[in-house]
There are 2 protein chains.
Amino acid sequence: MPYFDAASTAPLHPVARQALTAALDEGWADPARLYRDGRRARMLLDAARETTAEVLGTRPDEISFTSSGTQAVQLGVLGTLSGNRRRGRHLVHSAVEHSSLLHAAEVHTTAGGTVTEVPVDRLGRVDAAEFAAALNPANGSGTGTALACLQSANHEVGTVQPVAEVAGLCAEAGVPLLVDAAQSAGRAAVPGGWSLLAASAHKWGGPAGVGVLAVRKGVRYTSPLPVDERERGRVPGFVNVPAIVAAAASLRAVRQQAEAEDARLRALVDLIRARVPQTVPDVEVVGDPVHRLPHIVTFSCLYVDGEVLLGELDRAGFAVSSGSSCTSSTLTPSHVLKAMGVLTEGNVRVSLPPGTEEAEVRRFLELLPGLVGAVRAPLGLPSPAQPLPPSSAAAAADTGPQAPVGPLVLDTLGRRCPIPVIELAKRIGEVPTGGTVAVLSDDEAARLDIPAWCEMRGEEYAGEAPAAAYGGDRGSAYLVVRRSG
Amino acid sequence: MPYFDAASTAPLHPVARQALTAALDEGWADPARLYRDGRRARMLLDAARETTAEVLGTRPDEISFTSSGTQAVQLGVLGTLSGNRRRGRHLVHSAVEHSSLLHAAEVHTTAGGTVTEVPVDRLGRVDAAEFAAALNPANGSGTGTALACLQSANHEVGTVQPVAEVAGLCAEAGVPLLVDAAQSAGRAAVPGGWSLLAASAHKWGGPAGVGVLAVRKGVRYTSPLPVDERERGRVPGFVNVPAIVAAAASLRAVRQQAEAEDARLRALVDLIRARVPQTVPDVEVVGDPVHRLPHIVTFSCLYVDGEVLLGELDRAGFAVSSGSSCTSSTLTPSHVLKAMGVLTEGNVRVSLPPGTEEAEVRRFLELLPGLVGAVRAPLGLPSPAQPLPPSSAAAAADTGPQAPVGPLVLDTLGRRCPIPVIELAKRIGEVPTGGTVAVLSDDEAARLDIPAWCEMRGEEYAGEAPAAAYGGDRGSAYLVVRRSG
């Protein structure tokens, strides 16, 4: 089964499996013990730390192994905020960080800290100058910035962030910078200049259960956890030596293969980026087409229920993920797509593991148009190639252009994505050119998808109003002005 | 190499290895994903949760898998204290809990909470009534007890705690009880009545990287960590399904073998408990001889440097651990031995993994007297079988019993365990019956080992005074009155 969800977790690298098997025999004992088995575990741990440091461009004594990338990010955020409290209690991060970082930021605000989210452009990238402008000088009143956070590259759309530039500006401001390198570690060199680096082994083909937190010498850090003598006082509890050994071995292996493999994957992603819009109508490919990770591409399909499409792809043998609201446990669309202001319905993220065959990608591209078409077919939507049928209302408006025409109100309250957009697409033809349709919706995705639909279809998005103004008892009215008949 | 340090970590159980290998193939994907590989990981995770719940006597939906036993204990302590803050900010635990729990208690006191440590008797056991007496009623002023903690059995000396009795008394007082079952889970049934249970997979032959935190329905719990949708909001980050599957498989396997295996190990420990005092002079076997875990026995050898003895045992092929101060990174003796008031020098903990052969134990017993003797030989100590030589000072005192005799002062300041006790043993012969020797020491172990030596050798321990009273510039004077010439 072609697995195209490497950004969630990569299949175990053969080198990792081999190293894990060997280390279960050689490195199972407590590395803190003085007897032979303990000393051997300690030597394996030391070697793994050196390998990891070398690949990530840091020093062995700056690395603590954590139990996950999430733990690395969250310790890095909370430990640095705590250690730099005298600077202030202000945290700066991009709007498209991984949820693990946003959850740590929530803990910070609950405890009375403040946060500035730096917005991204439509490609998902922060502007370095805008990021730097969010940094407050250190002061005694609490508003000083204690930490800035920026991912190396985005986990949903692949866009690479201007880390080197931001690191320079943070250094000028004297603000420590945490770089979440979970998506790029092993695949690409991490730009220098960071104060803290976080990464996750299972993203690079290592086993689950291993994260990396690197803290540069001189960075103030106060552990948010109980402290023991393990991992420089940053990660209490028994050290998982076999998994760490496997993680380090696979990090070295993927890094050695990265250049060749990434060129290959980059070409496959380019193929997807080019072909999907040619073969699937009403689709938006998102993320930066050039400054991106080699292996991730994300697109959204109008009128499509993401969960249904994922189900069709799964039946066809393809494992992908989605940022659509219908596929999340919270029923809200991906905060990344939201921050970018792009379409969220029918969202598909393809992320290719190393070794992906071109034939698998080609088969995906062959099958996709039919699967999307099958999901759309029962909706009875006008084809994008056909002009929308003029309605009687539109005809009436055409005969008396001066006569006031009330907006067409589409009540989709209580109905979830993609229904509001589907209703809009079905009924827009009834609206005269220059006329307005108000879509009433209490679904979070509508706020993103109706403006995105307007942009894709050349209609004018006229803003949001309380649904009550159009007879709704809750939610919002999304106003669309018809540009063309 | 005979591995006798199962209480630190058990070698991987063959069933765990088999399950891990299979689950790396079948359960590597993200169990939160909707595609086939994700669903399969989810099914394996659900099955592992059911197995674990069944063996531990709880419900699957009460179990969260953590990244270690340490994390399970620390989340349990801090989450329950936080969730029960309205009851008060008082924590009760025994003096012999695992260090992971003590570290969490430190975080609590640093944050302004209060702690009562319930002492243990010389066998290492708390008294249930004394434990219950430490519980304060809930009130608004902060002194109410929010959580009580008691281990199922001690990790250093094997003594089983009166958990069922304490659980009943905690329930009467309405105080939640956390039971740290790390040493007994898998080997023995955990008594019911607990509110929270913590355990660690690598102690029962599972892989490192898996702990269990069970929280009974209705127990108030507020996560001290950032919260996501994983593991009931208690453990953020990617779930390590393969390791959890292996942990559950080995838990079931060891539990099935436990009855037969534990009877066998219990007999081997009885053998060690009986033989060591017969063959090694000046040794104290500690812990409860009856109400104990089947596989742990601890003894201490007078005049012996624990690190040197561990080195000798290691060279002879035996892996054991020690609670002596010289073998700890902090250079303080084990808090467990300290709380029990027993000898800490020359301390050896033997903890037998399942499958230990009787021949290995017999070989250990054969070699031990020679190894201890070799460590002691260069010290030129009087043999315990021989009477101590009368000194000229003693003779002088005997001739004039009314004449005031100043105490003999032994300045061992700056010298570490076991030197102060060795000096005392060498020089006690110079002291007349009824005379006093003052041992000056700034070593933490002396405070435990000098009274323990007195008890073992039939001398009278007369208390501790500032070393300054005897001409020392720091540390304490430990006063010993000679009982017999």
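Basis of the calculations
- As a convention, each chain's residues are numbered from 1 in the sequence order in which they are written.
- Think of it this way: whatever chain is written first is A, whatever ligand is written first is 1, and the rest follow in order.
- For this predicted model, a pLDDT threshold of at least 70 governs which residues receive local features, and a threshold of 80 or more governs which side-chain atom pairs are given and counted, while totals over whole chains, interfaces and linings are taken from all residues.
- The basis for every side-chain value is the complete set of heavy atoms in the structure, and neither hydrogens nor water enter the calculation.
- Only residues whose relative accessible area exceeds 30% and that form no salt bridge enter a patch; like-charged residues are grouped when within 9 Å of one another, and nonpolar side chains (Val, Leu, Ile, Met, Phe, Trp, Tyr) when within 5 Å.
- Per-residue accessibility takes into account occlusion by the displayed protein chains alone, with areas from the Shrake-Rupley method and a 1.4 Å probe.
- Any carboxyl oxygen of Asp or Glu that lies within 4 Å of a side-chain nitrogen of Lys or Arg is treated as forming a salt bridge with it.
- In this charge count, Lys and Arg are treated as positive and Asp and Glu as negative; neither His nor the chain ends contribute.
- Charged groups are reduced to one reference atom each: NZ for lysine, CZ for arginine, CG for aspartic acid, CD for glutamic acid.
- Helical segments are the DSSP runs of H or I of at least four residues, strand segments are the runs of E of at least two, and each set is numbered from the N terminus.
- Here, any two strands with at least 2 DSSP bridges between them count as paired.
- Comment: axis = line fitted to C-alpha atoms, over the contacting stretch for helices; angle = value between 0 and 180 degrees taken between N-to-C directions.
- Three exposure classes are used, based on accessible area relative to the maximum for each residue type with a 1.4 Å probe and protein chains only: buried under 20%, partly exposed in between, and exposed over 50%.
- Two aromatic rings from Phe, Tyr or Trp, using only the six-membered ring of Trp, form a pair when their centres are within 6.5 Å; if the ring planes differ by under 30 degrees the pair is stacked, by over 60 it is edge-to-face, and anything between is tilted.
- Copy-to-copy superposition: least squares on the C-alpha atoms, limited to residues that have pLDDT of at least 70 in both copies.
- Note on contacts: a residue pair is in contact if any heavy atoms of the two residues lie within 4.5 Å.
- Cavities and pockets were defined on a 1 Å grid built from protein atoms only: a cavity is a group of points that admits a 1.4 Å probe but offers it no way out, a pocket is an open group of points flanked by protein on both sides within 12 Å along at least five of seven lines, and a lining residue is one with an atom within 4 Å of any such point.
- Grid points are joined across faces, edges and corners, and a volume is the space filled by probe spheres set on the points.
- A simple way to read buried area is as the amount of 1.4 Å-probe accessible surface that goes missing from two parts once joined, with both sides added.
- Pairs of N or O atoms are called polar contacts if they sit within 3.5 Å, as long as, within protein, a hydrogen donor faces a hydrogen acceptor (for residues adjacent in sequence, only side-chain-to-side-chain pairs).
- Polarity classes work like this: nonpolar for Ala, Val, Leu, Ile, Met, Phe, Trp, Tyr, Cys and Pro, charged for Asp, Glu, Lys and Arg, and polar for all others, with Gly in that last group.
- Bear in mind that the domain bounds are from an automatic or database domain assignment.
- By nonpolar core we mean a set of buried residues, namely Ala, Val, Leu, Ile, Met, Phe, Trp, Tyr and Cys, connected to one another through side-chain atoms within 4.5 Å.

Topic: a negative patch on the surface
And then number 1: Together, Asp121, Asp127, Glu130 and Glu165 of chain A make up a region of like negative charge exposed at the surface.
And then number 2: Within the secondary structure, Asp127 of chain A sits in the loop between β3 (114-118) and α5 (128-133).

What about the sheet that holds strand β1 (residues 63-66) of chain B?
Residues and elements named next belong to chain B.
And then number 1: Across the sheet, which stays open at both edges, the seven strands sit in the order β1-β7-β6-β5-β4-β2-β3 with mixed pairing between neighbours. One side of each edge strand has no neighbouring strand; the edge strands of this open sheet are β1 and β3 (114-118). The sheet shows a mean angle of 20 degrees between the axes of neighbouring strands, taken without regard to direction.
And then number 2: Alignment of strand β6 (residues 196-200) against strand β7 (residues 211-215), held across five bridges, turns out to be antiparallel.

A closer look at the environment of Ala253 of chain A
All names here are of chain A.
And then number 1: Looking at the element boundaries, Ala253 is found in helix α7 (residues 241-279).
And then number 2: Residue Ala253 is classed as buried on the basis of its relative accessible area of 9%.
And then number 3: C-alpha of Ala253 to C-alpha of Gln71: the two residues are 182 residues apart in sequence and 24 Å apart in space.

Some remarks on the packing of aromatic side chains
And then number 1: Applying the stated criterion to the full structure yields ten aromatic pairs over all chains.
And then number 2: Look at Tyr3 of chain A and Tyr35 of chain B: their rings are 5.9 Å apart centre to centre, the planes differ by 80 degrees, and that puts the pair in the edge-to-face class. Of this pair, Tyr3 of chain A sits in the segment before α1 (14-26) while Tyr35 of chain B sits in the loop between α1 (14-26) and α2 (36-56), each in a different chain. Taken as a pair, Tyr3 of chain A and Tyr35 of chain B share a single burial class, namely buried.
And then number 3: Ring geometry for Phe318 of chain B and Phe364 of chain B: centres 5.4 Å apart, planes at 70 degrees, overall edge-to-face. A residue pair is termed long-range when its members are at least 10 positions apart, and Phe318 of chain B in the loop between α8 (306-315) and α9 (335-340) and Phe364 of chain B in helix α10 (residues 358-376) qualify at 46 residues.

Observations regarding the relation of the copies chain A and chain B
And then number 1: Superposition of chain A onto chain B requires a rotation of 180 degrees combined with a translation of 0.0 Å along the rotation axis, giving an RMSD of 0.1 Å. Considering both components of the superposition, the chain copies are consistent with a two-fold axis.
And then number 2: Take the interface residues of chain A: 100% of them recur as interface residues in chain B, which is what a same-surface contact looks like.

Quick notes on helix α12 (residues 419-427) of chain B
And then number 1: When we look at burial in α12 of chain B, the residues that qualify are Pro420, Val421, Ile422, Leu424 and Ala425 of chain B.
And then number 2: The secondary structure elements touched by the buried residues of α12 of chain B are β11 (408-411), β12 (436-441), α13 (446-457) and β14 (476-481) of chain B.

Describing the sheet that holds strand β14 (residues 476-481) of chain A
Residue and element names in this part refer to chain A.
And then number 1: Taken in spatial order, the four strands make up an open sheet running β11-β12-β14-β13, and their pairing is mixed. At either margin of the open sheet sits one strand with a lone partner, and together these are β11 (408-411) and β13 (460-466). Pairs of neighbouring strands in the sheet enclose a mean axial angle of 20 degrees, with direction left out of account.
And then number 2: Two elements, β13 and β14, share six bridges in a ladder whose sense is antiparallel. Opposite Ala465, over in β14, you have Ala477 as the bridge partner.

Points about empty space enclosed by the protein
Picture a little ball the size of a water molecule; that probe, rolled over the atoms, points out where space is still empty.
And then number 1: All chains considered together, the criterion is met by six cavities of 30 Å³ or more.
And then number 2: Where the lining of the largest cavity is concerned, the elements lending two or more residues are α1 and α7 of chain A together with α1 and α7 (241-279) of chain B.

Examining the interface of chain A and chain B
And then number 1: With 50 residues of chain A at the contact, the number on the chain B side is 50 residues.
And then number 2: Both sides together, the interface formed by chain A and chain B hides about 3900 Å², and carbon and sulfur atoms give 64% of it.
And then number 3: Run the count over chain A and chain B and you get six salt bridges.
And then number 4: Across the pair Arg17 of chain A and Asp25 of chain B runs a salt bridge, and its minimum N-O distance is 2.7 Å.
And then number 5: Taken together, the links from chain A to chain B amount to 15 residue pairs in polar contact (both at pLDDT 80 or more).
And then number 6: For the side of chain A that touches chain B, the elements supplying multiple residues, two or more each, are α1, α2 (36-56), α3 (69-83), α4 (99-110) and α8 (306-315) of chain A.
And then number 7: Considering every element that reaches the side of chain A that touches chain B, the biggest residue donor is α1 of chain A, with five residues.
And then number 8: Of the residues belonging to the side of chain A that touches chain B, the class tally is 22 nonpolar, 15 polar and 13 charged.

Some points on the domain arrangement of chain A
The accessible area lost on association of the parts is a frequent measure of interface size.
Residues and elements named next belong to chain A.
And then number 1: Taken as a whole, chain A is organised into domain 1 (14-254), domain 2 (258-379) and domain 3 (392-481).
And then number 2: Here the C-alpha centroids of domain 1 and domain 2 sit 28 Å apart.
And then number 3: Contacts between the two partners involve 24 residues from domain 1 and, on the opposite side, 26 residues from domain 2.
And then number 4: Between domain 1 and domain 2 lies a buried interface of about 2000 Å² when both sides are counted; carbon and sulfur atoms form 53% of it.
And then number 5: Looking at the side of domain 1 facing domain 2, the largest losses of area belong to Arg122, Glu156 and Arg187, adding up to 38% of the total buried there.
And then number 6: Counting across the interface, domain 1 meets domain 2 through two salt bridges.
And then number 7: Close ionic contact of Glu284 with Arg122 constitutes a salt bridge, the shortest N to O distance being 2.7 Å.
And then number 8: Remark: the boundary between domain 1 and domain 2 carries 13 residue pairs in polar contact (both at pLDDT 80 or more).
And then number 9: Of the residues assigned to the side of domain 1 that touches domain 2, the class counts are nine nonpolar, nine polar and six charged.

Notes on the side chain of Glu156 of chain B
All names here are of chain B.
And then number 1: Summarising the element assignment, Glu156 is placed in the loop between β4 (145-151) and α6 (163-173).
And then number 2: Within the buried core, Glu156 has no salt-bridge partner, and the shortest N-O distance to an opposite charge, that of Arg349, equals 5.9 Å.
And then number 3: Looking at Glu156, its side chain comes within polar contact range of the side chain of Ser334, at 2.6 Å.
And then number 4: Excluding its chain neighbours within four sequence positions, the residues that come into contact with Glu156 are Ile296, Thr298, Gly323, Ser334, Val336, Leu337 and Arg349.

Quick word on the nonpolar core
And then number 1: Residues Phe131 and Trp204 of chain A together with Phe131 and Trp204 of chain B are the most contacted members of the largest nonpolar core, which totals 114 residues.
And then number 2: Look past the residues within four positions of Trp204 of chain B in its chain and what remains in contact with it is Ala10, Ala185, Ala199, Val212, Ala247, Ser250, Leu251 and Val254 of chain B.
And then number 3: Counting 44 residues, the second largest nonpolar core, distinct from the first, contains Ala146 and Val235 of chain A together with Cys149 and Val235 of chain B.

Here's the deal with the side chain of Ser94 of chain A
Residues and elements named next belong to chain A.
And then number 1: Structurally, the position occupied by Ser94 is in strand β2 (residues 90-94).
And then number 2: Here Val96 takes part through its backbone nitrogen, which lies 3.2 Å from a polar atom of the side chain of Ser94.
And then number 3: Looking at Ser94, its side chain comes within polar contact range of the side chain of Glu97, at 2.8 Å.
And then number 4: Apart from the residues within four sequence positions on either side, Ser94 is in contact with Val118, Val126, Phe131, Cys149 and Leu150.

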